[in-house]
Amino acid sequence: MHQSRWPVLRLIVLGAFSISCASGFKLTRYTTGESLYAAAVDQYQKRKWDNAIQAFEKLTLELPARDTLLPTAHYFLARAYAQRGDHLLAAQAYNRLAESFATDTLADDAMFEAGLEYEKLWRKPVLDAQYGGEALSVFQTLLALYPDSPLTEKTVKEIAHMQEWFATKDFETAMYYFRRKAYDPALIYFRDVVRLYPETDRARESYLRMAEAYDAIRWKEDKAEVCKTLYERYPQDRQVPIVCGPPGKTDSTSAGQL
């Protein structure tokens, strides 16, 4: 969250009246937006996520469109969902904030947090990558819409992390076929890795396994082309000469099928 928004929040919270929970939390007790907001923040700080969600959700539905509390109500609603472990609802709530208040100082924060919440839903690279795709899309949109955001560096790192996971997913599929000596489908996935995710470590591994696959099916010219690429891109890698032999033997007059 940008620093410019925090002073406003602190004033609201510090100026709020003391909220008693002895008789339970009831939304009907708070008759103004300010009092309900203060109550919602109080419940959030006490880690009573269900109560905080009810209050912030009511605020997002009932506050006037121009009310200055509305964007922060959306933001804390999303945070409360995240704290409760409802990552999909949190991501959706962050997205609503970013879409509804695109010029607000919280917009880029919300997009970044939405991406992180989608990331949490993709638990392993080998699993369904639907939410990984959502995360990557959100991060890329953040860079496009807010190129001067202070979150740019972190966003770039998250994109690299996502690309590594996507590359790993394709690489593991390729290795499934490779281990069974089904080299044709293995090569298809290895080529996808080096084409779509060239900056990942899995790209290097894919080139190495491609060279081995071409060697196994005796496609010498294709192996030579892959090995030439390996020496160009990874000249210090110790695995390259083991797989390809000395660099002088990798030249080929025929283009490979990368």
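Refer to the structure presented above.
First things first, this report covers the structure right here in the doc. Just so it is clear, the structure is predicted and the values come from calculations on it, not from any experiment. (Residues numbered from 1 in each chain as written. Predicted model: local features only at pLDDT ≥ 70, side-chain atom pairs only at ≥ 80, totals over all residues. Heavy atoms only, no water.)

### With respect to the packing of aromatic side chains
Link 1 in the chain: Using the criterion set out here, one finds 18 aromatic pairs in the structure.
Link 2 in the chain: Seen in terms of ring centroids, Tyr 37 and Phe 56 are 6.0 Å apart; in terms of plane orientation they differ by 80 degrees. Their pairing is edge-to-face. One end of the pair, Tyr 37, is in helix α2 (residues 33-45); the other, Phe 56, is in helix α3 (residues 49-62), with 19 residues separating them in the sequence.
Link 3 in the chain: Residue classification places Tyr 37 among the buried residues on the basis of a relative accessible area of 0%.
Link 4 in the chain: Relative to Trp 219, the ring of Tyr 214 lies with its centre 5.9 Å away and its plane at 20 degrees, an arrangement referred to as stacked.
Link 5 in the chain: The exposure class of Tyr 214 is buried, given its relative accessible area of 0%.
Link 6 in the chain: Given a relative accessible area of 34%, Trp 219 falls into the partly exposed group. (Phe/Tyr/Trp six-rings, centres within 6.5 Å; stacked < 30°, edge-to-face > 60°. Helix = DSSP H or I, 4+ residues; strand = E, 2+ residues; numbered from the N terminus. Buried < 20%, exposed > 50% of the residue type's maximum accessible area, 1.4 Å probe, protein only.)

### Observations regarding helix α8 (residues 152-179)
Link 1 in the chain: Spanning 28 residues, α8 covers 40 Å between terminal C-alpha atoms, matching the ideal 40 Å at 1.5 Å per step.
Link 2 in the chain: Remark: Lys 181 follows α8 within two positions and exhibits a positive phi of approximately 60 degrees. (Expected span 1.5 Å × (residues − 1).)

### Notes on the side chain of Arg 202
Link 1 in the chain: In this fold, Arg 202 is placed in helix α10 (residues 201-216).
Link 2 in the chain: Excluding anything up to four places from it in sequence, Arg 202 contacts Glu 164, Ala 167, Thr 168, Phe 171, Glu 172 and Val 193. (Contact = heavy atoms within 4.5 Å.)

### Considering the environment of Leu 63
Link 1 in the chain: Position of Leu 63 among the secondary structure elements: in the loop between α3 and α4 (69-84).
Link 2 in the chain: Sequence-distant contacts of Leu 63, defined by excluding residues within four places in its chain, comprise Gly 33, Leu 69, Leu 70 and Ala 73.

### Looking at unusual backbone geometry
Link 1 in the chain: Even without glycine at this site, Lys 181 takes up a positive phi of about 60 degrees.
Link 2 in the chain: Positive phi values are uncommon outside glycine, yet Arg 218 reaches one of about 65 degrees.
Link 3 in the chain: Its place among the elements puts Arg 218 in the loop between α10 and α11 (220-233).

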